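Structural overview for review
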Amino acid sequence: MKLKFESNQTFQREAIDAITDLFEGQPLQKGDFSVSIEAAGSGIFSGQVQTEFGIGNNILLNEEALFKNLHIVQDKNDLDRTSAGEFNSNGLNFSVEMETGTGKTYVYLRTIFELSRKYGFKKYIIVVPGVAIREGTLKTIEITKEHFRSLYNNIELESFVYDSKKPVRLKQFATSNHVQIMVINIDAFNKETNVFNQERNQMNGYSPKDFINSVNPIVIIDEPQSVDKTEKAKEAIKSLNPLCIFRYSATHANPYNLVYRLDPVRAYQMRLVKQIVVAEAKGSEAANDAYIKLLKTDNKKGIVAELLIHKNTNDGPKEKKVKVKQGDSLFRKSDERHLYKDGYEVVDINSEPGNEFIDFSNGKRLMLGQESGGIGEELIELQIRQTIQRHLDKELLMKDKGIKVLSLFFIDTVPNYRIYGSDGVVEKGKYAIWFEKHYNELIVLEKYKPLNKFTAEQIHNGYFSQDKRTITPFEVVTNKTNTQAEDSTFNLIMRDKERLLDMNEPLRFIFSHSALKEGWDNPNVFQICSLREMGSSRERRQTLGRGLRLPVNQDGDRIFDENINKLTVISSEGYADFAVGLQKEYEDDCGVTFGKVNKNAFAKLSMLIDDEEKHVGRETSEKIWDALKQNGFIDDKGKITSTFDPKKEVFTLNLPPEFSNIENEIIETLESYRLERHIKQAEEPRKLRLKSNKELREQDLDKEFEELWNRIKHKTTYEVVYSSDELIANCIKSIGKMEKIEPVSISYREALLDVEMKGVTAQETRANYYTLKYKGALPDIITYLQNETELTRATLVKILTESNSINYFLINPQRYMDAIAAIIRKELYRLMVDGIKYEKIGGDEWHMRLFEDKEVMSYLSNRCEVKKSVYDAIVYESEIERRFAEDLDKRDDIKLFVKLPSWFEVDTPIGKYNPDWAIVKENDSAIYLVCETKGTRDFLKLRTSEADKIKCGKKHFEILNTTFKVAVSAKEI
């Protein structure tokens, strides 16, 4: 199989633009097609510069221009502006925050292509913290190569991993005129003793670093919180002499100059990640032994340990947390519980990171997270069995959909799964033994027999740091060296994502300790079983992140079915505790506060302002916030109050009339701040029951459904008809209204230095700004615009000549070309949608049997029981849909309604459109209609991709002589 990549995902384009827009005004380098308006030698006006060692990146914009562009980008993405003081202290570090599983690596790789195409920057270094992220980056470069070649006209690109044994490769990096990407671990250059920092004879007495820092590389840091977390690492990054630094992570420790944020809440709302389902395994009434669990150690105020023990209470022994120091007795700490009477005095506590333990007088030692005397082993064995069973149930659901299911175990200690003998022999630990025992018991059950294609030994394996020194017990080794066998497992888990996703590859269950935590991911992980404490908040999110990515099928297509896209987390932690823990992590890591609505929360909502679709913006968002506070739905701090209850029969926010058309969107926004929208308790998905023909007849629905289906079942094809003259006229009109194109400028400043006891100060005494006349080679504007718009040269020439704006091209070529391309695309897009024409495809239609063939699964938490439908319930995605269905079901004049399944799609130029509802209403005669539920009646006036899809859908149903309506509530039907 081959993974496929979408090139037009809006959120990824926004993240890419957030970086490229920082350099607005930077001229493009000389291209393959260029004309000169003055004799050149004008390399200073390009993205490149010749250095002693090779060809380097060159930036013409001054820091003032970059600071201005930064604010424009931050305003566009609804982020707080960086102050001048922060900008000066942050340097040219720019941060992008993207939730795990949303394509962070794809985004920064594509940003490289965009920066090269737009501004001519060609030297890039990707710095990673370790093996997992390095391998993931290399794999993404490999599997996206063909995709990027098609997008960027076969641009020449060379990528490699820094190898200290081959430092001469850095000469090629410095001297090449092609795009160069070097991937390097931070540990390879953060010490003076590294080869990277030492002079080499084969490099004419220079060090590899000399070649790197001479060409001003753009440095991309993947997971900066793990890369430059020490002063030494920060200095190492500076020693690369970067033109600028781009930092990508889901969990930034310091988000310097943040330019884009896709936090976990927004990622979930956009359905870009799986929903989290929590399954817990908990023991009870297990108090027959002296139970102890070491939770943590601390040396801040003397060395202490926090334990979980059983403490006597009036209601019997209960689990309680206690703090102990050396010499303490658990007998006293437990209120004299007799099981702790002998041998449970604390004799030693070690708080050394990575080696935390506690010793007792009876010789017992507990490591961090370890427990004694409870039913810990029984719970772990149960978790393993439950994970296998969940996995097999998921495989049954997926077996006809071509989706391979993977499960991931995070274990406490490696020997519990794999024991490495001193003689090189590797044996199975107890977890591996338990796994095979329970798998063999389950797979022979009648319902799982169709899945029984491989042996228990074939389907599970693991990757641990120790595997670099030995072979694994799950390899069939024939004429292989130990290294070859080890590499086979390493390659499969760490590198060969496509083979791991292949149905014919046996491996389905992967065990790890920490090697698969940060940086490793696979889209088809559906179960994560944590057999250890999740530790810090960042570790918990990184652990969950291994399974958040949306799955793919055997054709490499991404799956967007919400009933499938569930990540089940199996742990000993209760649902409520897990939810509280995850909420704290979102708040600590991402600045998200559940239940607390910030004043900017509604800024991205769209409404018609002066006949144009616009975001309401910060100022209007604050007005909405104030109105909600005045009406008691939020308090002074923005916390949602109990007054906000959209499930009430009649519910309204009572907002000022100017906001009435977006009230439902405001309700949805408020609901998104509730944690339960993001995490659900584990429950078995249920199949919607399709009513029998007899039931339909008894309810007088059979003929209604047949007639309804006969009206909407036809498939159509479309053609786009628009007038070139109209396109040209519209473009010329819009170009006439565009903002003035400013020339490139530079600044000159002088300051008087003063040396005082408090230090050296500087007082600015002069500041002048100069605009520069462009003297470089003009790019081939027609070829550039053809690539951006796919219009003919003749059409483009006419737009440019008749718009009387070409003088701007001489002032600042790149800024002008980008502005013109954006205007043309916008006008072309409008005409395509407005001019679309549909016609039936003879004999091609949706068949009613698909309702039986394609089962619809749902969870109790998102299903609504109804009577007037062909199913016994409908699956809703929002409170608007739930209320709509309930209200329709109560109406006497509504004979039948169907929530149209996801496979019922209409083709449009901008993607597939899946309508919401098909309805039969009784008036003097039956009325058949298709309906879309939206938060505002003015939705179709907006210029968004979703609104345009609906407009196309309306024209599709017009050809079928079926009424199409956008409704806010059932009252409008």
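A few words on the overall build of the protein chain. Helix and strand content of the protein chain: 30 helices and 41 strands. Across the 973 residues in the protein chain, those meeting the buried criterion constitute 52%. In the form shown here, the protein chain has an accessible surface area of approximately 45,300 Å², with 46% of it arising from carbon and sulfur atoms.

Moving on: the sheet that holds strand β14 (residues 318-324). Across the sheet, 4 strands lie side by side as β14-β13-β12-β18; this open sheet has antiparallel pairing. Two strands bound the open sheet, and with one partner strand each, they are β14 and β18 (371-372). One ladder, built from 7 bridges, connects strand β13 (residues 304-311) with β14; its direction is antiparallel. Paired with Leu308 across the bridge in β14 is Lys321.

Generally, phi is negative for residues other than glycine and the peptide bonds are trans, each holding for most cases. Positive phi is not limited to glycine here, since Asn204 has a value of about 60 degrees. Mapped onto the elements of the fold, Asn204 is located in the loop between β7 (179-185) and α7 (208-213). With relative accessibility at 59%, the residue Asn204 sits in the exposed group. The phi dihedral of Asn961 falls on the positive side, at around 55 degrees, and the residue is not glycine.

Relative to the helices and strands, Lys209 is located in helix α7. Here Lys209 occupies a buried position and makes no salt bridge, while the nearest side chain of opposite charge, Glu192, is found at 5.3 Å. Discounting residues that sit within four places of it in the chain, Lys209 has contacts with Phe196, Asn197 and Ser239.

Before going further, it helps to spend a moment on the environment of Leu500. Within the secondary structure layout, Leu500 lies in helix α16 (residues 497-500). On the accessibility criterion, Leu500 (1% relative accessible area) is buried. Taking the C-alpha atoms as reference points, Leu500 and Asn524, 24 residues apart in sequence, are found 9.6 Å from one another. Beyond its immediate chain neighbours, meaning those up to four positions away, Leu500 contacts Lys404, Leu406, Leu492, Ile493, Glu505, Leu507, Ile510, Trp520 and Asn522.

Within the open sheet, the 7 strands sit side by side as β6-β7-β5-β8-β9-β4-β10. Their pairing is parallel. Pairing within the sheet leaves two strands with one partner each, and these edge strands are β6 (157-161) and β10 (258-262). Strand after strand, the sheet turns through a mean of 15 degrees between neighbouring axes, direction not considered. Note that strand β4 (residues 93-98) and strand β9 (residues 244-249) share 5 bridges and pair parallel.

Where burial is concerned, most of strand β38 (residues 894-899) is hidden: 5 out of the 6 residues are buried. Where β38 and strand β39 (residues 917-922) come together, 5 bridges link them in antiparallel fashion. When the sheet's bridge partners are listed, Lys899 is paired in β39 with Trp917.

Where side chains of opposite charge bring their charged atoms close, a pairing between them can arise. A full pass over the atoms with the stated rule returns 45 salt bridges. Measuring nitrogen to oxygen at the nearest pair gives 2.5 Å for the salt bridge that ties Asp75 to Arg81. Residues Arg365 and Asp359 are paired through a salt bridge, measuring 2.7 Å at the closest nitrogen-oxygen approach. Judged by its relative accessible area of 44%, Arg365 falls in the partly exposed class.

Given 3.6 residues to a turn, an α-helix orients residues that are three or four positions apart in the same direction. Residues of helix α22 (residues 702-712) that are buried: Glu704, Phe705, Leu708, Trp709 and Ile712. Mapping the buried residues of α22 onto a view down its axis gives an arc of 125 degrees, with all of them on the same face. Residues of α22 that are buried sit in contact with β30 (714-720), α28 (850-853), β38, β39, β40 (926-933) and α30 (945-959).

With 84% of its residues at a pLDDT of at least 70, the protein chain reaches an overall mean of 83. Below a pLDDT of 50 lies the segment residues 30-45, which in the model reaches 30 contacts outside its immediate sequence neighbourhood of four places, other chains included. The model gives residues 469-486 a pLDDT under 50, and that stretch makes 34 contacts with residues more than four places away or in other chains.

What follows deals with the pairing of strand β15 (residues 346-350). One face of the sheet, then the other: side chains in a regular strand alternate in exactly this way. Of the strand pairs in this sheet, β15 and strand β16 (residues 357-360) are connected by 4 bridges, and their pairing is antiparallel. Counterpart to Ile349 in the pairing with β16 is Ile358. Connecting β15 to the next strand, β16, in antiparallel fashion are 6 residues, including Gly354 with a positive phi near 90 degrees.

Another aspect to go through is the nonpolar core. The biggest cluster of nonpolar side chains holds 74 residues, and the ones touching the most others in it are Ile19, Phe23, Phe94, Leu115, Phe246, Val259 and Tyr260. When residues in this core are grouped by element, the largest group, 8 residues, is from helix α4 (residues 104-119). Core analysis: the next-biggest nonpolar cluster, separate from the first, contains 35 residues, Leu696, Val833, Tyr913 and Ala918 among them.

Another aspect to go through is the packing of aromatic side chains. For the coordinates displayed, the defined rule picks out 44 aromatic pairs. Ring centres 6.4 Å apart and planes at 45 degrees place the aromatic pair Phe94 and Phe246 in the tilted group. Note that Phe94 is positioned in strand β4 and Phe246 in strand β9, a separation of 152 residues in sequence. Of the two residues, Phe94 and Phe246, both sit in the buried class. Lying across the ring of Phe526, Lys274 places its NZ or CZ 4.9 Å from the centre. Sitting over the face of the ring of Trp625, Lys599 holds its NZ or CZ atom 4.8 Å from the ring centroid.

Rules used in this analysis
Residues numbered from 1 in each chain as written. Predicted model: local features only at pLDDT ≥ 70, side-chain atom pairs only at ≥ 80, totals over all residues. Heavy atoms only, no water. Helix = DSSP H or I, 4+ residues; strand = E, 2+ residues; numbered from the N terminus. Buried < 20%, exposed > 50% of the residue type's maximum accessible area, 1.4 Å probe, protein only. Areas by Shrake-Rupley, 256 points an atom, 1.4 Å probe, with all protein chains shown as cover. Pairing = 2+ DSSP bridges. Lys, Arg positive; Asp, Glu negative; His and termini not counted. Salt bridge = Lys/Arg side-chain N within 4 Å of Asp/Glu carboxyl O. Contact = heavy atoms within 4.5 Å. Axes fitted to C-alpha atoms, helices over the stretch in contact; angles between N-to-C directions. Arc of directions from axis to C-beta. pLDDT = per-residue confidence, 0-100. Core = buried A, V, L, I, M, F, W, Y, C linked by side-chain atoms within 4.5 Å. Phe/Tyr/Trp six-rings, centres within 6.5 Å; stacked < 30°, edge-to-face > 60°. Lys NZ or Arg CZ within 6 Å of the ring centre and 35° of its normal.

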